[in-house]
Amino acid sequence: MMIRCTIAGVSFYLQASEVEQKMSGIKPEPITGESVKIGNRTYPVKQVGAIITRQDPRDFSAAQMVRALEKLEFKCFPKPAPAPPAEVPDVLPQSPPYWT
């Protein structure tokens, strides 16, 4: 299946097989926002967009890439929830007095 999409004002014709081919052998960057599963790996959508469009990732939104990748039937995931804050004990352990 081939789709036509516009990313950062530029029109592209994309195929799922072409996206898979371009991403094969590419190491995924750490995921901090939306992501997409391509093959056995999960990539940030901005990384995929930069590779398949050869555009600066600051020039397009993650939402533009998610729409295009979902049309190609790739599974996209939302931005991960922030980690919960570390638990702080109610009572701090007491240290011995300094004068002993």
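Residues numbered from 1 in each chain as written. Predicted model: local features only at pLDDT ≥ 70, side-chain atom pairs only at ≥ 80, totals over all residues. Heavy atoms only, no water.

*Asks:* Teacher, can you tell me more about the packing of aromatic side chains here?
*Replies:* Any pair of aromatic rings gets described here by the distance separating the centres and the angle formed by the planes. Under the counting rule described, the total for this entry stands at zero aromatic pairs. Cation over ring: lysine 46 sits above phenylalanine 60, and NZ or CZ is 4.8 Å from the ring centre. (Phe/Tyr/Trp six-rings, centres within 6.5 Å; stacked < 30°, edge-to-face > 60°. Lys NZ or Arg CZ within 6 Å of the ring centre and 35° of its normal.)

*Asks:* Is there a simple way to think about the packing of helix H1 (residues 16–23) against helix H2 (residues 45–53) in this case?
*Replies:* Between two packed helices, what matters for the description is the angle formed by their axes and the separation of those axes. Look at H1 against H2: their axes get within 10 Å of each other, and the N-to-C directions meet at 100 degrees. By the angle between their directions, the pair H1 and H2 is classed as roughly perpendicular. Along its contact with H1, which presents Val19, Lys22 and Met23, the element H2 presents Val48, Ile51 and Ile52. When its residues are assigned to classes, the contact of H1 with H2 shows five nonpolar, no polar and one charged. (Axes fitted to C-alpha atoms, helices over the stretch in contact; angles between N-to-C directions. Helix = DSSP H or I, 4+ residues; strand = E, 2+ residues; numbered from the N terminus. Parallel < 35°, antiparallel > 145°, perpendicular 65-115°, else oblique. Contact = heavy atoms within 4.5 Å. Nonpolar A, V, L, I, M, F, W, Y, C, P; charged D, E, K, R; others polar.)

*Asks:* Even after reading the chapter, I still don't get the environment of proline 30, so can you show me in this structure?
*Replies:* Looking at the element boundaries, proline 30 is found in the loop between H1 and strand S3 (35–38). In this structure proline 30 comes out as exposed when scored by relative accessible area, which is 69%. (Buried < 20%, exposed > 50% of the residue type's maximum accessible area, 1.4 Å probe, protein only.)

*Asks:* How should the pattern of salt bridges be read in this particular structure?
*Replies:* Between side chains of opposite charge, a pair can form as their charged atoms come close. One pass over the full model with this rule turns up two salt bridges. Arginine 58 is paired through a salt bridge with aspartate 56; the nearest N and O atoms lie 2.6 Å apart. (Salt bridge = Lys/Arg side-chain N within 4 Å of Asp/Glu carboxyl O.)

*Asks:* Looking at this structure, how should I read the nonpolar core?
*Replies:* It is characteristic of soluble globular proteins that their nonpolar side chains tend to be buried jointly. Ranked by internal contacts, the top residues of the largest apolar core, which has 22 residues, are Val19, Val36, Ile38, Val48 and Leu69. For this core, the secondary structure elements donating two or more residues are strand S1 (2–7), strand S2 (10–15), H1, S3, H2 and helix H3 (62–71). Per-element tally for this core: the top contributor is H3, with five residues. (Core = buried A, V, L, I, M, F, W, Y, C linked by side-chain atoms within 4.5 Å.)

*Asks:* Teacher, can you tell me more about the sheet that holds strand S4 (residues 41–44) here?
*Replies:* Taken in spatial order, the three strands make up an open sheet running S4-S3-S5, and their pairing is antiparallel. Lying at the two open borders of the sheet, with one neighbouring strand each, are S4 and strand S5 (75–77). On average, each strand axis in the sheet is tilted by 30 degrees relative to the strand beside it, whichever way the strands run. Pairing of S3 with S4 involves four bridges; the strand directions are antiparallel. Opposite isoleucine 38, over in S4, you have arginine 41 as the bridge partner. Here H2 sits on the sheet in contact with S3 and S4, set at roughly 85 degrees to S4. (Pairing = 2+ DSSP bridges.)

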